[in-house]
Amino acid sequence: MSALGEFRTLRRPAGRLSAAEKREQTRDTKAAAVFLTPWLLGLFGITIGPMIASLYLAFTDYNLLQDPKFTGLDNIRRMFTDDRLAHSLQVTFTYVIVSVPLQLALALALALLLDRGVRGLSLYRSVLYLPSLLGASVAIAVLWRLVFGAEGLVNAFLSLFGVEGRGWVSEPDTALGTLIILHVWTFGAPMVIFLAGLRQIPRELYEAASTEGASRIRQLFSITLPLLSPIIFFNLVLGIIGSFQSFTQAYIVSGGTGGPSDSTLFFSLYLYQEGFTSFRMGYASALAWLLLIIIGAFTALNFWASRFWVFYND
Amino acid sequence: MTHRVRSGARAGLAAAAAGLLLAGCGVGADPVQNPELSDGEVTITFNWWGADARTQQTLDAIDLFEQEHPNIHVEPQYSDWNGYWDRMATTTAAGDMPDVSQFDQLYLASYADRGALLDLSTVANILDTSALGDKMLDAGRVDGDLYAVPTGGTTNGVIVNTTLFEQYGVPLPDTSHWTWEDMERAATRLTEASGGEVHGISPFGSDSFSLTVWARQHGGRLFDEEGKLAIDPDLLAGYWQRELDFIDSGAAPSAAQLTEKVGLPLDQSDLVTGKTAMSFIPAGQFSAYQAAAPDYDFALVNWPADSDTEPGFQYLKPSMYWAAASTSRHPAEAALLIDFLTNDTRVGELFGLDRGEPGNPAFRRAIEPTLDDSGREALAFTEAMSDEVGETPPITPAGASAIETVLARYNQEVLFGESSPREAAEAFLNELGDSINAAG
């Protein structure tokens, strides 16, 4: 919202430039091009180029070792009869729909708590942010496997209360739950963004509300949440995009299988298995595009729905 | 988090693109007949999987090779079994397959059929395979052409932790002629005697070697000569039912406990940590288990069978192979390294039985005096079995390389009661059959 405004003021009015100014502008343009080159190389070399290649591969039978054979719409037809694809979509949707709101709610709650002026805020902020830095790493996924294993910390803790635990990561009904908890645990990144957003809300509004006798709850719903809604929206969009692409945690926790019994078969893990384990890179490419379309559709839906609940204070 | 995942996806796409660009030129190029060794400096890459002990042995063998051929530098690449084949697929797609690779029969046909491996008859001027004998070499042929040199063979066996049996005062049945019931009874008694502390047996899991032995024991086979699936769904259902029976009787740990150990390296397996007392292993790995668990005494015995089972269900499975890349720019040097690994008895002494009972008789003679107790036991077992082994079945066909992944998945469905053994068996055969047809 405010970034757009700044951008407008930065843009100089066109025309009426002196020759010296024009020369300077040309030099600026050249400098910009030089500075942008590494990024452009990256964009075309490792993003756009491979995307075009994968779009072509999506219509081929490609086993990695021989030249791809063009097969038209075969890969797309295959999707409609692929039970594991349907299953992996179900697993992924469950994961996204449960873990993203939970994570955002926890992040928002903690941000509200920290925003009330805790002593040593920067320490808390850093400590709570830490899981976000570690959460996607292989080490944490390995740790998770141990913590939620049959002889892990969770069961040791439960046994203190006489509750008999189970192999949380190795049973189909609970394995996905442990991954959802892992995702929720990485609430630090949205929390920090929420904190910054909370700082932007003018204090006078709260003062005025207090004078008028509005309760804290009332202030939360009438001032904080509406003014924070663009930030909530931003975190929601990023959270959904990110968790649709989750891979590392499921790969490590299930040993690359998506097991037990396919209960943690995330879409990207299935895509990986098709491409690199079953040598069906053509089909895997088609799946990658399907994921892109799904994420695009979700994001578009989000933007459409945002009109009804996101409040821009322009 | 999103950043990492996205960059991962990007890297994947990059690999796919690299594959697309390079697939056209590299893989399947026409090899040179009888290439000459270079006089200049040459660097070749050498790729294998295995535990730490094997890594050290192999690095030592490389040192010997480099001393003998100072102008050749061998660059080692090694990893655990998990991840080895994923990396092999990506490097091969990028036209960058290592010059020499350790191979497994699961993947041999998939790579040879698609032109990724060097036809070794083109380097017969350098690579001498005569020590191995034709029958052994047959296991390295795909459609009649030799693509890989077997290192040796191994039968399957039952490893028994005798320390645990003694500790809990459970007598072992006569394992020279034992039935599945004998095994289950002994295992159940051990579980009971330990109060559930340990379990009697770790059942088969996703291993296609034990499935093949099971099929042969029950008069069937996994694949036929044409490379099609040939196993009766009832046989496969019986295999899984056997596993369920072990779990139900308490002989084996629960499905969840078993699942938790899937894919762990050998030194973290239940057998090594003393959580279970028996399991089915390739005999060649016996020493590795014994070395990883020095507190226990292990014994190696033959599989149980039903009383009416015909002998000959065991077979000598090629434990692993050496293969060269068809894209190698130094086929002569690659062949020289394989020749060294196959024929130099110092290599045999270094490797011992780790890569199976050596196929080269000179290796066997060289290592016999150097073996420790567990090595002698493994060798004695394999020699005793040599009277019992039958014909070696055809190797895993192209398109079926993922058999163990698929097997593991349906195995879990059965263990967690999501499918009956019979349903899972039919679904498994359909899925793998489709995959083989698509590759053919």
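Residues numbered from 1 in each chain as written. Chains lettered and ligands numbered in written order. Predicted model: local features only at pLDDT ≥ 70, side-chain atom pairs only at ≥ 80, totals over all residues. Heavy atoms only, no water.

Visitor: Explain the overall build of chain A to me, and be specific about the residues and the numbers.
Guide: Across its full length, chain A carries 14 helices and two strands. Referenced to the eigenvectors of the C-alpha coordinate spread, the extents of chain A come out at roughly 70 × 60 × 35 Å. Residue pairs at least 24 apart in sequence account for 69% of intrachain contacts in chain A once pairs closer than 6 positions are excluded. Accessible area for chain A stands at about 17400 Å²; split by element, carbon and sulfur atoms hold 68% of it. Chain A carries 23 positive and 20 negative side-chain charges, and their two centres are separated by 10 Å. (Helix = DSSP H or I, 4+ residues; strand = E, 2+ residues; numbered from the N terminus. Contact = heavy atoms within 4.5 Å. Areas by Shrake-Rupley, 256 points an atom, 1.4 Å probe, with all protein chains shown as cover. Lys, Arg positive; Asp, Glu negative; His and termini not counted. Charge placed at Lys NZ, Arg CZ, Asp CG, Glu CD.)

Visitor: Go over the overall build of chain B, please, and point to the residues and values.
Guide: If you tally the helices and strands in chain B, you get 18 helices and eleven strands. Against the globule reference of 22 Å for 440 residues, chain B gives a C-alpha radius of gyration of 22 Å, in line with a compact fold. Taken along the three principal axes of its C-alpha coordinates, chain B extends 65 × 50 × 45 Å. Across the 440 residues in chain B, those meeting the buried criterion constitute 56%. In chain B, 75% of the contacts between residues at least 6 apart in sequence involve partners at least 24 apart. Accessible surface, chain B as shown: approximately 17600 Å² in total, 47% of it carbon and sulfur. Looking at charge distribution, chain B has the averaged site of its 25 positive side-chain charges lying 4 Å from that of its 67 negative ones. (Rg over C-alpha atoms; globule rule 2.2 N^0.38 Å. Buried < 20%, exposed > 50% of the residue type's maximum accessible area, 1.4 Å probe, protein only.)

Visitor: Any chance you could break down the side chain of Asp344(B) for me, citing the residues and the numbers?
Guide: All names here are of chain B. Structurally, Asp 344 is set in the loop between helix H13 (331-343) and helix H14 (345-351). Within polar-contact distance, the side chain of Asp 344 engages the backbone nitrogen of Arg 346 at 3.0 Å. Setting aside residues no more than four positions away along its own chain, Asp 344 makes contact with Glu 68, Asp 339 and Phe 363. (Polar contact = N/O pair within 3.5 Å; in protein donor to acceptor, adjacent residues only side chain to side chain.)

Visitor: Requested: an account of the UniProt feature "transmembrane region" (unreviewed entry) in chain A, with residues and values cited.
Guide: Residue and element names in this part refer to chain A. Mapped onto this numbering, the UniProt entry gives "transmembrane region" (unreviewed entry) at residues 32-59, 93-114, 126-147, 175-198, 219-244 and 284-305. Segment residues 32-59 splits into 93% helix and 0% strand. End C-alpha atoms: 38 Å apart. Between the end C-alpha atoms of residues 175-198 the distance is 36 Å, and the span holds 92% helix and 0% strand. (UniProt positions renumbered as here; feature names shortened; annotations may be inferred.)

Visitor: Pulling in residues and values, what's your account of the interface of chain A and chain B?
Guide: Taken together, the contact pairs 44 residues of chain A with 41 residues of chain B. Contact between chain A and chain B buries roughly 3800 Å² in total, counting both sides, with carbon and sulfur atoms accounting for 62%. Our count for the chain A to chain B interface comes out at six residue pairs in polar contact (both at pLDDT 80 or more). Elements with a contribution of two residues or more to the side of chain A that touches chain B: helix H2 (19-57), helix H8 (172-185), helix H11 (216-244), helix H12 (248-253) and helix H13 (267-277) of chain A. Counting residues per element, the side of chain A that touches chain B draws most heavily on H2(A), at eight residues. Split into classes, the residues belonging to the side of chain A that touches chain B amount to 21 nonpolar, 16 polar and seven charged. (Buried area = accessible area lost by both parts, 1.4 Å probe. Nonpolar A, V, L, I, M, F, W, Y, C, P; charged D, E, K, R; others polar.)

Visitor: How would you explain the UniProt feature "domain: ABC transmembrane type-1" (unreviewed entry) in chain A if you had to name every residue and give the values?
Guide: Mapped onto this numbering, the UniProt entry annotates "domain: ABC transmembrane type-1" (unreviewed entry) at residues 89-302 of chain A. The span residues 89-302 of chain A is 77% helix and 0% strand, and its two end C-alpha atoms sit 19 Å from each other.

Visitor: Account for the pairing of strand E1 (residues 42-49) of chain B, with residues named and values stated.
Guide: All names here are of chain B. The buried fraction of E1 is high, at seven of eight residues. As a crossover connection, the stretch from E1 through helix H2 (residues 52-68) into strand E2 (residues 72-79) is right-handed. Taken together, the two bridges between E1 and strand E3 (residues 100-103) define a ladder with parallel strand orientation. Bridging across to E3, Phe 46 finds its partner in Val 100. (Right-handed = clockwise from strand over helix to strand, strands pointing away. Pairing = 2+ DSSP bridges.)

Visitor: Break down helix H18 (residues 421-439) of chain B for me, with residues and values.
Guide: Residue pairs spaced three or four apart in an α-helix point in one direction, given the helix's 3.6 residues per turn. All names here are of chain B. Compared with the 27 Å implied by 1.5 Å per residue over 19 residues, the 27 Å span of H18 between its first and last C-alpha is a close match. Among all positions of H18, only Pro 421, Ala 424, Ala 425, Phe 428, Leu 429, Leu 432, Gly 433, Ser 435 and Ile 436 are buried. Burial along H18 is one-sided: seen end-on, the buried residues are contained in an arc of 160°. In H18, the exposed positions that point more than 90 degrees away from the buried face belong to Glu 423, Asn 430, Asp 434 and Ala 438. (Expected span 1.5 Å × (residues − 1). Arc of directions from axis to C-beta.)

Visitor: Can you break down the environment of Phe313(B) residue by residue, with the values?
Guide: All names here are of chain B. Residue placement: Phe 313 occurs in the loop between strand E9 (298-301) and strand E10 (317-324). A relative accessible area of 6% means that Phe 313 is categorised as buried. Sequence separation between Phe 313 and Thr 154 is 159 residues; the distance between their C-alpha atoms is 13 Å. In contact with Phe 313, other than residues within four places in its own chain, are Val 213, Arg 216, Gln 217, Asn 302, Trp 303, Ala 305 and Glu 388.

Visitor: Account for the sheet that holds strand E8 (residues 278-282) of chain B, naming residues and giving values.
Guide: Residues and elements named next belong to chain B. Read from one edge to the other, the open sheet built from three strands follows the order E8-E7-E9, with strand pairing classed as antiparallel. Of all strands in the sheet, those bounded by a partner on one side alone are E8 and E9. Looking at each pair of strands side by side, their axes are set apart by 35° on average, direction ignored. Across five bridges, strand E7 (residues 156-161) lies against E8 in antiparallel orientation. Its bridge partner being in E8, Val 158 is matched across the sheet by Phe 280. Strand contacts of helix H16 (residues 373-385): E7 and E9, with the helix running at about 10° to E9, the strand carrying the most contacts. (Axes fitted to C-alpha atoms, helices over the stretch in contact; angles between N-to-C directions.)

Visitor: Any details on the environment of Ala112(B)? Residues and values, ideally.
Guide: All names here are of chain B. Tracing the chain through its elements places Ala 112 in helix H4 (residues 105-113). The class of Ala 112 is buried, set by a relative accessible area of 7%. Put simply, Ala 112 and Phe 65 are 47 residues apart on the chain and 27 Å apart in space, counted from C-alpha to C-alpha. Not counting the four nearest positions on each side in its chain, Ala 112 is found in contact with Leu 117, Val 142 and Tyr 147.

Visitor: Please set out unusual backbone geometry residue by residue, giving values where relevant.
Guide: Residues and elements named next belong to chain A. One non-glycine residue, Asp 262, adopts positive backbone phi at about 65°. Within the secondary structure layout, Asp 262 lies in the loop between H12 and H13. Among the residues examined, Asp 262 registers a relative accessible area of 7% and is labelled buried. Although it is not a glycine, Phe 279 sits at a positive phi angle of roughly 60°. Among the structural elements, Phe 279 can be located in the loop between H13 and helix H14 (281-309).

Visitor: Run through the sheet that holds E1(B), naming residues and quoting values.
Guide: All names here are of chain B. Strand order in this open sheet of six strands is E2-E1-E3-E10-E6-E11, and the pairing throughout is mixed. Among the strands making up the open sheet, the edge pair consists of E2 and strand E11 (357-358). Pairing geometry for strand E6 (residues 148-154) and E11, over two bridges, is antiparallel. If you follow Gly 152 over to E11, its bridge partner there is Pro 358.

Visitor: Can you lay out the domain arrangement of chain B for me, pointing to particular residues and giving the numbers?
Guide: Residue and element names in this part refer to chain B. Here the domain parsing of chain B yields domain 1 (39-153 + 318-385) and domain 2 (156-314 + 402-439). For domain 1 and domain 2, the distance between their C-alpha centroids amounts to 28 Å. Taken together, the contact between domain 1 and domain 2 spans 13 residues of the former and 19 residues of the latter. Taken over both partners, the interface formed by domain 1 and domain 2 buries close to 1100 Å², and the fraction arising from carbon and sulfur atoms is 60%. (Domains from an automatic or database assignment.)

Visitor: Can you tell me about the nonpolar core, naming the residues and giving the values?
Guide: Counting 109 residues, the largest nonpolar core has Phe103(B), Tyr111(B), Leu236(B), Trp240(B) and Phe428(B) as its most contacted members. With eight residues, the single largest contributor to this core is helix H9 (residues 233-248) of chain B. Beyond its immediate chain neighbours, meaning those up to four positions away, Phe428(B) contacts Leu236(B), Trp240(B), Ile403(B), Val406(B), Leu407(B) and Tyr410(B). Among the nonpolar cores identified, the runner-up in size contains 60 residues, and Val237(A), Ala250(A), Ile252(A) and Ile295(A) belong to it. (Core = buried A, V, L, I, M, F, W, Y, C linked by side-chain atoms within 4.5 Å.)

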